[in-house]
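These are the residues of each chain, in order.
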Amino acid sequence: MSAVGETVANGSLLAAAPLAAAAGLVSFASPCVLPLVPGYLSYVTGMTGAELAAQRRGRLLAGVALFIAGFSAVFVAMGAAAGGLGRWLAEYTDPISRVLGVVTIVFGLAFMGLVPGLQRTVKSGRLPAAGLAGAPLLGVLFGLGWTPCIGPTLGAVQTLSFSEGSAGRGALLSLAYCAGLGLPFLLTALAYRRALGAFGAVKRHYPLVMRLGGGMLVVIGVLLVTGLWGDLTIQLKSWISGFEPVI
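Here we summarise the structure given alongside this text. (Residues numbered from 1 in each chain as written. Predicted model: local features only at pLDDT ≥ 70, side-chain atom pairs only at ≥ 80, totals over all residues. Heavy atoms only, no water.)

## Observations regarding helix α9 (residues 167-190)
Heads up, the rule is: Helix and strand definitions here come from DSSP, where helices need a minimum of 4 consecutive H or I residues and strands a minimum of 2 consecutive E residues; each element is numbered from the N-terminal end. What a helix is expected to span follows from its residue count: subtract one and scale by 1.5 Å. Bend, in this description, refers to the angle at a residue between axes fitted to the seven residues ending there and the seven starting there. Pairs of N or O atoms are called polar contacts if they sit within 3.5 Å, as long as, within protein, a hydrogen donor faces a hydrogen acceptor (for residues adjacent in sequence, only side-chain-to-side-chain pairs).
Between the first and last C-alpha of α9 there are 34 Å, a value that for 24 residues agrees with the 34 Å anticipated at 1.5 Å per step. Residue Gly182 marks the point of greatest curvature in α9, where the axis turns by about 30°; the proline Pro184 follows within four residues. Between the side-chain oxygen of the N-cap and the backbone nitrogen of Gly168 there are 3.4 Å, and the N-cap of α9 in question is Ser166.

## Re the pattern of salt bridges
We count it as follows: By definition, a salt bridge exists where a carboxyl oxygen of Asp or Glu is found within 4 Å of a side-chain nitrogen of Lys or Arg. Categorising residues by exposure relies on relative accessible area from a 1.4 Å probe, with only protein chains included: less than 20% of the type maximum marks a residue as buried, more than 50% marks it as exposed, and the intermediate range marks it as partly exposed.
What the rule picks out here adds up to one salt bridge. Arg98 is the partner of Asp94 in a salt bridge, and the nearest nitrogen-oxygen pair spans 3.1 Å. Linking Asp94 with Arg98, this pair stays in helix α6 (residues 93-111), spanning four residues, or about one helical turn. With a relative accessible area of 30%, Arg98 lands in the partly exposed category.

## Details of the packing of α6 against helix α11 (residues 206-226)
Condition: Lines fitted to the C-alpha atoms define the axes, with helices restricted to the stretch that makes contact. Angles between their N-to-C directions range from 0 to 180 degrees. Should an angle fall under 35 degrees it is called roughly parallel, over 145 degrees roughly antiparallel, and 65 to 115 degrees roughly perpendicular, with every other angle called oblique. Crossing handedness: left-handed means the near helix sits turned counterclockwise from the far one by under a right angle, and right-handed means the same turn made clockwise. Residue contacts are counted whenever heavy atoms from the two residues lie within 4.5 Å of one another.
Where α6 meets α11, the closest approach of the two axes is 7 Å, and the angle between their N-to-C directions is 165°. Between α6 and α11, the angle is such that the two are roughly antiparallel. Handedness of the crossing formed by α6 with α11: left-handed. Across the interface between the two elements, Ser97, Arg98, Gly101, Val102, Thr104, Ile105, Phe107, Gly108, Leu109 and Phe111 of α6 pack against Val209, Met210, Gly213, Gly214, Leu217, Val218, Ile220, Gly221, Val222, Leu224, Val225 and Thr226 of α11.

And the structure:
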């Protein structure tokens, strides 16, 4: 198996990547992001709401892609840094991962609104010019000044990146997070009117979204604190190594 294949088929990465993508999806559906999606789309394209509804898809998709590229560059760099730090501190990975697991549990409780003082929104005071040229810069600002609804989920992903002990794997996990967060933006661009209707259904179930998202973070934190995360990834790796293709 090639080096890339071994990285992708690593047991811990196989377990963590779906969770990272789910965390991105939860971030998109959170009250700090979903209600602002039409505004983001209008800003990154320089189009009015009426023009968006008219489905000028070419410009819409271009703006959204540039916006996603902007925040992906920030998040992937963070993941690589967290993974690299984990490798550098490999000797202490286990105790640090347990401490970060506690932090992840706190993040999950904060996501559910159970931790007072952690529900503040961080915003940039200066925005780039509206339109395609400013779309990637807005994505970067979105990544650097994320709202508290994104902070807990992204923090959990960076914790998993640290536990990977590899800059490459940390970057891949953050890329999975960006896919979960960015794909709904693209789907909204492709079907703007239908997406707005779906947003209404999600908004009506915000408490459930927050509880499920926070619960997922708490579970990840508990797995890290108890050491069961390591046991799970070892088991997955043994299954993968013992698998033989039929042909």
